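Residue-level structure breakdown
Now for the letters of each chain:
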Amino acid sequence: MFVVDDDPSVLRSLSRMFQLEGYEVESFDHPRQVLERKPGGRPGCVVLDLRMPELNGLELQEELRRAGWKQPIVFISGHGDVPAAVKAMKAGAVDFLPKPVGMAELLEAVERALARDRAAVASEQELEVLRVRFSTLSPREREVCQWVARGLLNKQIAAELGTAEQTVRLQRARAMEKLAVDSVPELVRLLERLGSAS
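My aim in this report is to walk through the structure given alongside it, one point at a time.

Topic: the nonpolar core
Within the largest apolar cluster, 21 residues are counted, with the highest numbers of intra-cluster contacts made by Cys145, Ile157, Leu179, Leu187 and Leu190. Only helix H5 (103-135), helix H6 (139-149), helix H7 (154-161), helix H8 (165-179) and helix H9 (184-197) provide two or more residues apiece to this core. The contact partners of Leu187, leaving out residues within four places of it in the chain, are Cys145, Val148, Leu179 and Val181.

Description of the packing of H6 against H7
The N-to-C vectors of H6 and H7 enclose an angle of 130°; their axes lie 10 Å apart at closest approach. As far as their axial angle goes, H7 and H6 are oblique. Handedness of the crossing formed by H6 with H7: right-handed. For the pair H6 and H7, contact is made by Arg140, Glu143, Val144, Trp147 and Val148 and by Ile157, Glu160 and Leu161, respectively. Class assignment of the residues belonging to the contact of H6 with H7 gives a composition of five nonpolar, no polar and three charged.

Here we look at the sheet that holds strand E3 (residues 46-49)
Spatially, five strands are ordered E2-E1-E3-E4-E5 in an open sheet, and the strand pairing comes out parallel. The outermost strands of the open sheet, each flanked by one partner alone, are strand E2 (26-28) and strand E5 (95-98). Sheet twist, expressed as the average angle between the axes of neighbouring strands with direction ignored, equals 15°. Pairing of E3 with strand E4 (residues 73-77) involves four bridges; the strand directions are parallel. Bridging from a neighbouring strand, Leu48 pairs with Phe75 of E4. Against the sheet, helix H3 (residues 57-66) makes contact with strand E1 (2-4), E3 and E4, and its axis sits at roughly 165° relative to E4, the strand it touches most.

Focus on the environment of Gly102
Mapping Gly102 onto the fold places it in the loop between E5 and H5. Between the C-alpha atom of Gly102 and that of Asp182, which follows or precedes it by 80 residues, the distance is 51 Å.

Considerations on unusual backbone geometry
Cis peptide bonds are those with omega within 30 degrees of zero, and the linkage from Lys99 to Pro100 qualifies with -5°. Relative to the helices and strands, Pro100 resides in the loop between E5 and H5. Of note, the phi angle at Ala180 is positive, near 60°, even though the residue is not glycine. By the secondary structure assignment, Ala180 is in the loop between H8 and H9.

Re the packing of aromatic side chains
We describe a pair of aromatic rings using the distance from one ring centre to the other and the angle between the two ring planes. Here the structure, examined in full by the defined rule, presents three aromatic pairs. Ring geometry for Phe75 against Phe96: centres 5.6 Å apart, planes inclined by 25°, an arrangement best described as stacked. Here Phe96 lies in strand E5 and Phe75 lies in strand E4, a separation of 21 residues in the sequence. Here the guanidinium or amino end of Arg150 rests over the ring plane of Trp147, the centre of that ring lying 4.8 Å away.

Definitions and cut-offs
Residue indices follow the written sequence of each chain, beginning from 1 at its first position. Local features in this predicted model are restricted to residues of pLDDT 70 or higher, and side-chain atom pairs are both shown and tallied only at a pLDDT of 80 or more, whereas totals for entire chains, interfaces and linings draw on every residue. Just so you know, side-chain values use all the structure's heavy atoms and leave hydrogens and water out. In this text, buried Ala, Val, Leu, Ile, Met, Phe, Trp, Tyr and Cys residues form a nonpolar core when linked through side-chain atoms within 4.5 Å. Only protein chains enter the area calculation, which uses a 1.4 Å probe; residues under 20% of their type maximum are buried, those over 50% are exposed, and those in between are partly exposed. Secondary structure elements follow DSSP: runs of H or I of four or more residues count as helices, runs of E of two or more count as strands, with numbering from the N terminus. Any two residues whose heavy atoms approach within 4.5 Å at even a single point are treated as in contact. Each axis is a line fitted through C-alpha atoms, taken for helices only over the stretch in contact, and angles between the N-to-C directions span 0 to 180 degrees. Each angle gets one of four labels, with under 35 degrees taken as roughly parallel, over 145 as roughly antiparallel, 65 to 115 as roughly perpendicular, and the rest as oblique. With the far helix as reference, a near helix turned anticlockwise by less than a right angle produces a left-handed crossing, and one turned clockwise produces a right-handed crossing. Any residue that is not Ala, Val, Leu, Ile, Met, Phe, Trp, Tyr, Cys, Pro, Asp, Glu, Lys or Arg is counted as polar, Gly included; the first ten are nonpolar and the last four charged. Strands are labelled as partners when DSSP assigns at least two bridges between them. Two aromatic rings, drawn from Phe, Tyr or Trp (for Trp, its six-membered ring), form a pair once their centres lie within 6.5 Å of each other, and the interplanar angle then sorts them: stacked below 30 degrees, edge-to-face above 60, tilted otherwise. As a reminder, the over-ring test applies to NZ of lysine and CZ of arginine, requiring each to be within 6 Å of the ring centre and within 35 degrees of the ring normal.

Encoded structure:
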């Protein structure tokens, strides 16, 4: 977890509270310090003040995304207004809480952010497994999969490719085995998932 606040007493207090709750915490009293750090690979979240020097929280949110940070953000602010909250949420913030914020409310928001990040990390790992499987297919096996996903029968695919139906049947069976799918609907879902992620 990353905590960013230019008020030293707030930063100390938040960091201590999160540590007592069992979180690993990195704290920063200046927004530029966070940008010097590489995005973490493990699930996490960023608790971020809205008003800070040089970069306000909304600008830092944008810079973090540009730098490859994917961790969800929970904003806290003593100066929050509706337009700032709307902008933060539209840019992917999990919550926008007014200072002084209650411990239970903040911990609840952090847990939501961490749950979202864990789900995103798991989904990305699953997608990477699918990409690796798909990369083992030969160009012809990929082509056959595309035709199968469009609903063509082996005979129709063979006619499209100018090859024997038996060859298509073998290529289709090999491709489905490599992709670890047992049915055409599973194959379609897998290809859609890979397509939407590319």
